[in-house]
Amino acid sequence: MLPLMILCLALEAGLALLQFATMLRLPSAPPAGRPGHEPFFSVHVATHNEPPEVVCETLRALAAQDWPRERHEIIVMDNNTADPALWRPVEACCAELGATFLHREGVKGAKAGALDIALAAADARATHVVTVDCDYVVAPDFLSRTAAELEAGDDWLQFPQAYRGAPATAGFELELGDYFATYARAANRSGAALPTGTLTVVAIPALAAVGGWRAMSVTEDAELGLKLCRQGFAGRFVPASVGRGALPLDLASCESQRHRWSYGNARVLGQFARRRFGGLRGWHVLAQLSAWQSAALLPAGVLVGALLAGERGAVVTLAALCLLAGLLRAGLRLALVGRRERAGTVLAALVARLALLPAAARGTVDALGSGRLPFAVTPKAARAAATLPLDHLALFAAGLLALPNALAAGPWAIAGLACLMSLLPAALLLSRALSACQPH
């Protein structure tokens, strides 16, 4: 176990080096400009078993764009929704707004498959595909701002994701914003800011060159970005808020989303490892794909198991150090990203990171298996009854059992166990903050 814990600690140090290096403020390489022309946007909204009122709100915002109507189209691609009560109202809304509505059964490839169908149906004049999640409400100047940004000559653009939340979830928003404020922004230096699936703009020739959206993972956006980078295309993150999506309204929904991001990006990391490309671009791609990964399950299991077995040696100390190093890494990153925020907001962001750590860790471990998990749509409404966070309860119970031996093993063991047991209070605090945003 000792060599394994040394390896785990080295992995934590490597992740810290990789992730903190992305925060260095180095000048970005300006994209090569191209002859200006007015783009034609094909806006694609993929849906599956979504509340029609949520989708229609998104469509009305898209229909209210200040961009010329003759220079864009809206295509809604509803896939595998068996209940007509869910998709018929969306079809009627599309007819009212002049949008194209497609409904298909038996679509394979989840969201990627739906987007490929929408791509095939795009207007022949279309120069760029714009993907918008079905719960996002965009600003009226979204497309006009996009057109202005495209004058720099990028092959794709990515705008930041954000939620329509409340003050109670400011910490949760900061925790998500960490990715865009550091990883995505830093990748502009090499033109390798990966798409994240919504508020994404891709030039159709670039999309066609990599075979469209088809993907082997459940994070088709990150996989598309990897393929575009390999083909020599360049993309950029634009740090301008142009739309906000529905906040996941319970802890289970947040965990499902984080598990999918961790699992999917870990699978894309495997593709990157098989066909690596070096230099600054490879570094930035690696940093973005590892952003949601966690190897915390290994040292957590070793720490609890060793303590229950009565061990007090180096294995216990190293396992505890691995957990503490991960906590320190998360805390420092969020403190730096949120240095202009209130201390309470930064603390709430750390609470959210801890609450979602078990889901991220399970995603990382699940990705090591040979099977493929199905694509899970993040629910747009809270569950009728809140469920207890079982992962957190199990870790807390294991910590209680190991606590007497930890007290005898010394301060490092106590600190490591405290870190492990803090996940349950963090989950309960995040759940409470999300509940405060639910409509009553």
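Just above, that's the structure.
Quick caveat, the model's predicted, so the values are computed rather than measured. (Residues numbered from 1 in each chain as written. Predicted model: local features only at pLDDT ≥ 70, side-chain atom pairs only at ≥ 80, totals over all residues. Heavy atoms only, no water.)

(A) The arrangement of the pattern of salt bridges in detail. A complete count under the given rule lists 13 salt bridges for this structure. Put simply, R353 and E175 hold a salt bridge, and the shortest N to O gap is 2.5 Å. A residue pair is termed long-range when its members are at least 10 positions apart, and R353 in helix 13 (residues 343-355) and E175 in helix 6 (residues 170-187) qualify at 178 residues. The two residues R353 and E175 agree in class, both being buried. A salt bridge links R362 to D391; its shortest N-O distance comes to 2.5 Å. In this pair, R362 is assigned in helix 14 (residues 357-366) and D391 in helix 15 (residues 390-409), connecting sequence segments 29 residues apart. Taking the relative accessible area as the measure of exposure, R362 reaches 29% and is therefore partly exposed. Taken together, the shared-partner salt bridges in this structure form one network comprising E175, D178, R258, R333 and R353. (Salt bridge = Lys/Arg side-chain N within 4 Å of Asp/Glu carboxyl O. Helix = DSSP H or I, 4+ residues; strand = E, 2+ residues; numbered from the N terminus. Buried < 20%, exposed > 50% of the residue type's maximum accessible area, 1.4 Å probe, protein only.)

(B) Fine view of the environment of E53. By secondary structure assignment, the location of E53 is in helix 2 (residues 52-63). Remark: the alpha-carbon pair of E53 and V90, spanning 37 residues in sequence, is separated by 8.1 Å.

(C) Representation of the pairing of strand 2 (residues 72-79) within the structure. Of all the eight residues making up strand 2, eight are buried; the element is thus mostly covered by neighbouring parts of the structure. What you see with strand 2 is no split at all: H72, I74, V76 and D78 on one side and E73, I75, M77 and N79 on the other are buried throughout. In the sheet, strand 1 (residues 41-47) pairs with strand 2 via seven bridges, with the strands oriented parallel. In the sheet register, H44 faces strand 2, and the bridge partner there is I75. Each parallel crossover has a hand, and the one from strand 1 via helix 2 to strand 2 is right-handed. Bridge analysis of strand 2 against strand 3 (residues 100-104) gives five bridges, and the strand direction is parallel. Among the inter-strand pairings, D78 is bridged to a residue of strand 3, identified as H103. (Pairing = 2+ DSSP bridges. Right-handed = clockwise from strand over helix to strand, strands pointing away.)

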